[in-house]
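# Structural features, examined
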Amino acid sequence: MVLSNIVVEQAKEHRAKLCFAESLTGGSLASAIVSVPGASEVFLGGIVAYQNVAKTELLQVSAELIERHGVVSVAVARSMAQGGLKLFKQPSDPCVISVATTGVAGPGAQNGVPAGTYVVALAVDDFEQAHEFQFNGSREEVRAAAVSSALSMLKDYFEQKSALPLGS
């Protein structure tokens, strides 16, 4: 079974609403989820915050945080994921799990960060998880690896929290 199908099914089982804050993946993560029939039951939406101004204005990532840690960092990815939770916190049906992606797809380094470096973060209320990866490959392969990593992170989270009723 395709990873995105598994994640949608797991989200349905937990009645968990998903939202995404994407930079590196440019909407590819959202596209992977919405390609699954029934995704509208669990996916609220996503934001592509490619430039830093979008991260600071839309996701409320602190410019100081970006300056201190760099845009491709665990700290910024976590802040992006938290920003996604806030952005999609509608009263009747809020986002429960937010996933963020940031990185350098290449072909060259950016601000001293090697091509192929990316970070995926997941936020659920007071829980955050983030991982930094290094992938060797083309721009398209790096972006695809980031989508796969994000979906795997969601799948693993659901499997670890199988007894936790995320959406009440």
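Just above sits the structure.
Being a predicted model, the structure only gives us computed values, none of them experimental. (Residues numbered from 1 in each chain as written. Predicted model: local features only at pLDDT ≥ 70, side-chain atom pairs only at ≥ 80, totals over all residues. Heavy atoms only, no water.)

## As for the state of the cysteines
The condition that has to hold: Cysteine sulfur atoms are paired as a disulfide whenever they fall within 2.5 Å. Helix and strand assignments follow DSSP, with helices taken as H or I runs no shorter than four residues and strands as E runs no shorter than two, numbered in order from the N terminus. Categorising residues by exposure relies on relative accessible area from a 1.4 Å probe, with only protein chains included: less than 20% of the type maximum marks a residue as buried, more than 50% marks it as exposed, and the intermediate range marks it as partly exposed.
With the rule as written, the count across this model stands at 1 disulfide. What pairs with Cys19 in a disulfide is Cys95, and their sulfur atoms sit 2.2 Å apart. One quick way to see it: the torsion about the S-S bond of Cys19 and Cys95 is about -85°, and its sign makes the bridge left-handed. With Cys19 in strand β1 (residues 18-22) and Cys95 in the loop between α5 (74-87) and β3 (97-103), this pair connects stretches of sequence that are 76 residues apart. A relative accessible area of 0% places Cys19 in the buried class.

## A closer look at the packing of aromatic side chains
Selection criterion: Here a pair means two rings of Phe, Tyr or Trp (six-membered ring of Trp) with centres within 6.5 Å. Their orientation is stacked below 30 degrees between planes, edge-to-face above 60, and tilted elsewhere.
One pass over the full model with this rule turns up 4 aromatic pairs. Seen from their ring centres, Phe20 and Phe43 are 4.9 Å apart, and the 40° between their planes marks the pair as tilted. Residue Phe20 is located in strand β1, and its partner Phe43 is located in strand β2 (residues 43-48); the two are separated by 23 residues in the primary sequence. Each member of the pair, Phe20 as well as Phe43, is classed as buried. Seen from their ring centres, Tyr118 and Phe133 are 4.9 Å apart, and the 20° between their planes marks the pair as stacked. Residue Tyr118 is located in strand β4 (residues 117-124), and its partner Phe133 is located in strand β5 (residues 127-134); the two are separated by 15 residues in the primary sequence.

## A closer look at the nonpolar core
Put simply, the rule reads: Here, nonpolar core refers to any group of buried Ala, Val, Leu, Ile, Met, Phe, Trp, Tyr and Cys residues whose side-chain atoms link them within 4.5 Å. Two residues qualify as a contact provided that any one of their heavy atoms is within 4.5 Å of a heavy atom in the partner residue.
Counting residues in hydrophobic clusters, the biggest one holds 33 residues, and the most contacted among them are Leu18, Phe20, Ile97, Val99 and Leu154. Elements supplying a minimum of two residues to this core: α1 (3-14), β1, α2 (28-34), β3, β4 and α6 (139-160). It is α6 that contributes the most residues to this core, 10 residues altogether. Excluding its chain neighbours within four sequence positions, the residues that come into contact with Val99 are Cys19, Phe20, Ala21, Leu29, Val120, Ala121, Leu122, Ala150 and Leu154. In terms of nonpolar packing, the next biggest core, distinct from the first, is built from 25 residues, Val71, Met80, Cys95 and Val119 among them.

## Details of the packing of α1 against α6
How we decide: A fitted line through C-alpha atoms represents every axis, and for helices the fit uses only the stretch in contact; the resulting angles, taken between N-to-C directions, go from 0 to 180 degrees. The handedness criterion is simple: a crossing whose near helix is rotated anticlockwise from the far helix by less than a right angle is left-handed, and one whose near helix is rotated clockwise is right-handed. Gly is put with the polar residues, along with every residue not named as nonpolar or charged; the nonpolar set is Ala, Val, Leu, Ile, Met, Phe, Trp, Tyr, Cys and Pro, and the charged set is Asp, Glu, Lys and Arg.
Contact pair α1 / α6: the axes reach a minimum separation of 9 Å and the direction vectors enclose 35°. Relative to α6, α1 is oriented so that their crossing is left-handed. Facing α1, whose interface residues are Leu3, Ser4, Ile6, Val7, Gln10, Ala11 and His14, α6 presents Ser148, Leu151, Ser152, Leu154, Lys155, Phe158 and Glu159. Of the residues belonging to the contact of α1 with α6, the class tally is 7 nonpolar, 5 polar and 2 charged.

## Structural notes on the pairing of β1
Spelled out, the test is: Strand pairing requires that DSSP identify at least two bridges connecting the strands.
Counted residue by residue, β1 has 5 buried out of 5 residues, so it is predominantly covered. Burial along β1 is two-sided: Leu18, Phe20 and Glu22 and Cys19 and Ala21, pointing in opposite directions, are all buried. Strand direction decides the pairing type here: β1 and β2, joined by 5 bridges, are parallel. Along β2, the bridge assignment pairs Glu22 with Val48.

## As for the sheet that holds β3
The sheet built from 5 strands is open, its strands ordered β2-β1-β3-β4-β5 with mixed pairing. On the outer flanks of this sheet lie β2 and β5, each paired with one strand and no other. Pairwise comparison of adjacent strand axes, ignoring direction, gives a mean angle of 10° for this sheet.

## Let's talk about the pairing of β3
Summarising burial for β3: 7 of the 7 residues are buried, a large majority. Summarising the sheet, β3 and β4 pair through 6 bridges and their orientation is antiparallel. The residue of β4 that forms the bridge with Thr102 is Val119.

## A short note on unusual backbone geometry
Backbone torsion omega between Gly106 and Pro107 reads 25°, so that peptide bond is classified as cis. Despite not being glycine, Arg15 has its phi angle at roughly 55°, a positive value. With respect to the helices and strands, the residue Arg15 is situated in the loop between α1 and β1. A relative accessible area of 52% means that Arg15 is categorised as exposed. At Gln60, a residue that is not glycine, the phi angle is positive and equals roughly 60°. Tracing the backbone through its elements, the reader meets Gln60 in the loop between α3 (52-58) and α4 (63-69).

That is the geometry; function is a separate question.
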